[in-house]
Amino acid sequence: MTVWDDLVGQERLSGQLDAAARDADAIVTAAETGGPPPEASKMTHAWLFTGPPGAGRNTAARAFAAALQCVSPDRALGGSPGCGFCDGCHTSLVGTHADVTTVAAVGTQILAEDMRDTVRKSFTSPANGRWQVILVEDAERLNEKSANAVLKAVEEPAPRTVWLLCAPSLEDVLPTIRSRCRHVGLLTPSVDAVADMLVRREGIEPEAAAVAARATQGHIERARRLATDPRARERRAAVLKLPLRIEDIGGCFKAAQELVDAASEESKQLAEEVDTKETEELKAALGAVQGGRMPRGTAGVMKDLEDKQKRRRTRAQRDSLDLALTELTGFYRDVLALQLGSRVALANIEVQDVLERMARDGTPEATLRRIDAIAACREALDRNVAPLLAVEAMTMALRSG
């Protein structure tokens, strides 16, 4: 199994990255042996991976990072880098390779302080790998200061440093940064491709895999979670019942509160284990004495960690809410498809009777207004409006149509 097997429905992209990895391998080999580098290399120092949510931007970038660090002996025999089994591939894929640095947004933004050490590291030679790889998973969340720091590093990188930036679209990245990157565009995988992946990689029954893939409309990670996590299925079922629970004002407020509470609880569960581990490790590193007392002068460091954890919990809550809003949008998209007589396959076929009833009782114009209300809620959350206020405004708009 090569690293490219994780790229679901991206065969063209796999070929492009494989060719670049071959040239990258030849460049390093030439530098180590004193031979000539490839004359027309497909490799470059900065890449920008874009694509819709769930297409696998981060997965593609990490697979490419693994191929760049591949140390399989088969390369010398003409094999392609990215075997998926050697130490370089394995540690890159699981996130423990010393020369593959991953940066992800802790909160709603990637701050300059989050990038400082990474930018500094990008100017150094690889410690033991073949390339120094910097993978920025949420490049669209770079703020002005952190984006400028990345720009300076991308403009004049070290000879064996590669930047891999991931963002939903080209427009989400500063023009000055994207102009210095080679663009790689991913497509939404087909429902059949995602279902096939769930069967082959997760051992899901074909029928359950097809339901999960159709429900998530090609979103790989959501489909995997829906197929393997009963709690995810329960949460989705609750979200799809929301349109039936907002027939009066009290129902709107109650549904909004429950949606926000569910997102808060989910983010709390996800954060608790990580937060506790981080806190204990930092205390040990700072030399906490028996009984939990911290040495003098360490209160500021602990406060910085608490702030970071708080930002991460806020991000997790909003990500959970965003997932619920995505599923609500899919619900009303199915209603609209029925109202317009479209032949588009329904994503939420398990509630088809509810969809048909709402399609009969409403109009396409009202359904479009409801979809707009969900989009407005998303925008409000992006502007840091209090989640409960944003969701309450949305449920009231959904009720009125």
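Please refer to the structure higher up on the page.
Rules behind the numbers
- Residues numbered from 1 in each chain as written.
- Predicted model: local features only at pLDDT ≥ 70, side-chain atom pairs only at ≥ 80, totals over all residues.
- Heavy atoms only, no water.
- Helix = DSSP H or I, 4+ residues; strand = E, 2+ residues; numbered from the N terminus.
- Rg over C-alpha atoms; globule rule 2.2 N^0.38 Å.
- Buried < 20%, exposed > 50% of the residue type's maximum accessible area, 1.4 Å probe, protein only.
- Contact = heavy atoms within 4.5 Å.
- Arc of directions from axis to C-beta.
- Axes fitted to C-alpha atoms, helices over the stretch in contact; angles between N-to-C directions.
- Parallel < 35°, antiparallel > 145°, perpendicular 65-115°, else oblique.
- Left-handed = near helix turned anticlockwise from the far one by under 90°.
- Nonpolar A, V, L, I, M, F, W, Y, C, P; charged D, E, K, R; others polar.
- Polar contact = N/O pair within 3.5 Å; in protein donor to acceptor, adjacent residues only side chain to side chain.
- Phe/Tyr/Trp six-rings, centres within 6.5 Å; stacked < 30°, edge-to-face > 60°.
- Pairing = 2+ DSSP bridges.
- Salt bridge = Lys/Arg side-chain N within 4 Å of Asp/Glu carboxyl O.

> Just to check I follow, could you spell out the overall build of the protein chain for this structure?
Scanning the protein chain for helices and strands turns up 15 helices and 5 strands. For 401 residues, the compact-globule estimate of 2.2 N^0.38 gives 21 Å, and the protein chain sits close to it at 24 Å. Reported as C-alpha extents along the three principal axes, the dimensions of the protein chain are approximately 75 × 60 × 40 Å. Per-residue burial over the protein chain gives 45% buried out of 401 residues. Excluding contacts between residues fewer than 6 apart, the proportion of contacts in the protein chain whose partners are at least 24 apart in sequence is 73%.

> Any chance you could explain helix H13 (residues 352-361) here in plain terms?
In an α-helix there are 3.6 residues to a turn, and that puts residues three or four apart on one side. Considered for burial, the residues of H13 that qualify are Val 354, Leu 355, Met 358 and Ala 359. Taken end-on, H13 shows its buried residues confined to a sector of 135°, consistent with a single buried face. In H13, the exposed positions angled more than 90 degrees off the buried face are occupied by Asp 353, Arg 360 and Asp 361.

> Could you clarify how one ought to interpret the packing of helix H1 (residues 11-33) against helix H2 (residues 57-68) in this entry?
Two quantities define a packed helix pair, namely the angle between the axes and the distance from one axis to the other. Where H1 meets H2, the closest approach of the two axes is 9 Å, and the angle between their N-to-C directions is 30°. With respect to each other, H1 and H2 are oriented roughly parallel. In terms of crossing hand, the pair formed by H1 and H2 is right-handed. On H2, the residues touching Leu 13, Leu 17, Ala 20, Ala 21 and Ala 24 of H1 are Ala 60, Phe 64, Ala 67 and Leu 68. Its residues assigned to classes, the contact of H1 with H2 comprises 9 nonpolar, no polar and no charged.

> How should I be thinking about the side chain of Asp 334 in this particular structure?
By secondary structure assignment, the location of Asp 334 is in helix H12 (residues 299-339). One polar contact links Asp 334 to Arg 333, side chain to side chain, over a distance of 2.8 Å. If sequence neighbours within four positions are ignored, Asp 334 has contacts with Ala 345, Leu 346, Ala 347, Asn 348 and Leu 355.

> In this structure, what is going on with the packing of aromatic side chains? I would like to understand it.
Each aromatic ring pair is specified by the distance between its two centres and by the angle formed by the two planes. Going through the model one piece at a time under the given rule, you end up with 2 aromatic pairs. On the basis of an interplanar angle of 70° and a centroid distance of 5.0 Å, the ring pair of Trp 47 and Phe 64 is categorised as edge-to-face. With Trp 47 in strand S1 (residues 46-50) and Phe 64 in helix H2, this residue pair connects regions lying 17 residues apart in the sequence. Overall, the relative accessible area of 0% leaves Trp 47 in the buried class. Relative accessible area serves as the criterion here: at 0%, Phe 64 is assigned to the buried category. Pairing Phe 331 with Tyr 332 gives two aromatic rings, centres 5.3 Å apart and planes at 85°, and the pair type is edge-to-face.

> Honestly, the sheet that holds strand S3 (residues 132-136) in this entry has me stumped. Any pointers?
Backbone-to-backbone hydrogen bonds join strands into a sheet, with any given pair of strands oriented parallel or antiparallel. Spatial strand order, S2-S3-S4-S1-S5: 5 strands in an open sheet with parallel pairing. The sheet is open, and its two edges are formed by strand S2 (100-103) and strand S5 (182-185), each paired on a single side. Neighbour to neighbour, the strand axes of the sheet diverge by 20° on average, direction disregarded. Looking at chain direction, S2 and S3 are connected through 4 bridges and run parallel. In the sheet register, Thr 102 faces S3, and the bridge partner there is Leu 135. In the packing of H2 onto the sheet, the strands contacted are S1, S2, S3 and strand S4 (161-167), and the crossing angle to S4 comes to about 165°.

> I'm lost on the pattern of salt bridges in this one. Help?
Taken as a whole and assessed by the stated rule, the structure comprises 18 salt bridges. With a shortest N-O distance of 3.9 Å, Arg 130 and Glu 32 are connected by a salt bridge. Placement of Arg 130 in the loop between helix H4 (112-122) and S3 and of Glu 32 in helix H1 is noted, with a sequence separation of 98 residues between them. Take Arg 130: its relative accessible area is 8%, and that puts it in the buried class. Of the residues examined, Glu 32 reaches a relative accessible area of 52% and is grouped as exposed.

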